[in-house]
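Below, each chain spelled out in residue letters.
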Amino acid sequence: MDRSLSMLYLLIGMKRKKVTLTPLTPGRPRAFDAEKALNRAMHVFWRKGYLGTSLSDLTGAMGINRPSLYAAFGNKESLFRKALECYSKGPSGYLGEALQEPNARAVVKRVLHGVVDLLTDPQTPRTCLWVHGALSCGDDPLREEFAAQRGAGLAKLRRRLQRAIAEGDLPPDADADALARYVQTVNFGLTVQASTGAIRKELLRIVEIALKAWPK
């Protein structure tokens, strides 16, 4: 065979075997809105509690499959922690806002009215996500975290009441720790009352009595 013809066949064969390399592209974007999915998960936990919520409940509400849930949020416990954070910044944000009120009584009034507003909102479950989660976590490792969060919330309120004592807003012999625990207990109690059927009028009556008992 002619040498030039042989080279031609060889080049044709090489061309057929040539592999075309395509540049690397970034990973595919998520096919869902993570913020909306987290908000939906928050409402499932809010309604059913931590232990009462299954992965099927979550994926069904979020509109995603399990691999997508794990990839975006980690496991169920990790997702619940994110849902709690979302809840604290959103529906229960009134707790942090209350601490900015000008005097101690206004702080307590804002806290207690805030929880009543939350519990009687027709658009949300008649309970508190945090309280429901704490009561339904059993012996889960989250139990310790709930205790830590309760302690942190108590400490913030106690510091605010200590400031009120220093400013003369509360009597000098007032017990800031006991008062903070009192407010927290009434707060949690309102949640239990609402979750078992108490209506807004009944809850506000409890708040009224609690404020009457507040030291002057």
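Before going into details, it helps to say that this report is about the structure given with it. (Residues numbered from 1 in each chain as written. Predicted model: local features only at pLDDT ≥ 70, side-chain atom pairs only at ≥ 80, totals over all residues. Heavy atoms only, no water.)

1. Side note on helix H7 (residues 104–119)
With 16 residues, H7 should cover 22 Å at 1.5 Å per step; its first-to-last C-alpha distance of 23 Å lies within 8% of that length. Looking at H7, one finds that the buried residues are Ala104, Ala106, Val107, Val108, Val111, Leu112, Gly114, Val115, Val116, Leu118 and Leu119. Against helix H2 (34–48), helix H5 (76–89), helix H6 (94–98), helix H9 (142–166), helix H10 (176–195) and helix H11 (200–212) lie the buried residues of H7. (Helix = DSSP H or I, 4+ residues; strand = E, 2+ residues; numbered from the N terminus. Expected span 1.5 Å × (residues − 1). Buried < 20%, exposed > 50% of the residue type's maximum accessible area, 1.4 Å probe, protein only. Contact = heavy atoms within 4.5 Å.)

2. Some thoughts on the pattern of salt bridges
By the definition in use, this model includes 12 salt bridges. Taking the shortest distance from any N to any O, the salt bridge between Glu85 and Lys89 comes out at 3.1 Å. With Glu85 and Lys89 both in helix H5 and four residues apart, the pair spans about one turn of that helix. Taking relative accessible area as the criterion, Glu85 reaches 43% and is therefore assigned partly exposed. With its nearest N and O atoms 3.5 Å apart, the salt bridge here joins Glu208 to Lys212. Placement of both Glu208 and Lys212 in helix H11 is noted, with a separation of four residues, approximately one turn of the helix. (Salt bridge = Lys/Arg side-chain N within 4 Å of Asp/Glu carboxyl O.)

3. Here we look at the packing of aromatic side chains
Overall, the coordinates contain seven aromatic pairs when judged by the stated rule. Measuring from ring centre to ring centre gives 4.9 Å for Tyr50 and Phe80, while their planes differ by 55°; the resulting arrangement is tilted. Placement of Tyr50 in the loop between H2 and helix H3 (55–62) and of Phe80 in helix H5 is noted, with a sequence separation of 30 residues between them. By the burial criterion, Tyr50 is buried, and Phe80 matches it. The side chain of Lys76 reaches across the aromatic face of Tyr50, ending 4.6 Å from its centre. (Phe/Tyr/Trp six-rings, centres within 6.5 Å; stacked < 30°, edge-to-face > 60°. Lys NZ or Arg CZ within 6 Å of the ring centre and 35° of its normal.)

4. As for the layout of surface pockets
What the largest pocket holds in volume is close to 740 Å³. Lining the largest pocket are 26 residues; nearest its centre among them are Ser88, Ser92, Leu95, Gln149 and Gly153. Listed by contribution, the elements that provide at least two residues to the lining of the largest pocket are H5, H6, H7, H9 and H10. Top contributing element to the lining of the largest pocket by residue count: H9, with six residues. For the lining of the largest pocket, the per-class residue count stands at 14 nonpolar, eight polar and four charged. Counted as a void, the second largest pocket has a volume near 160 Å³. For the second largest pocket, the lining is made up of 10 residues, of which Ala134, Leu135, Cys137, Arg143 and Phe146 are closest to its centre. Of all elements in the fold, only helix H8 (129–136) and H9 reach the threshold of two or more residues within the lining of the second largest pocket. (1 Å grid on protein atoms, 1.4 Å probe; cavity = no way out; pocket = protein on both sides within 12 Å on 5 of 7 lines; lining within 4 Å. Points joined across faces, edges and corners; volume = space filled by probe spheres on them. Nonpolar A, V, L, I, M, F, W, Y, C, P; charged D, E, K, R; others polar.)

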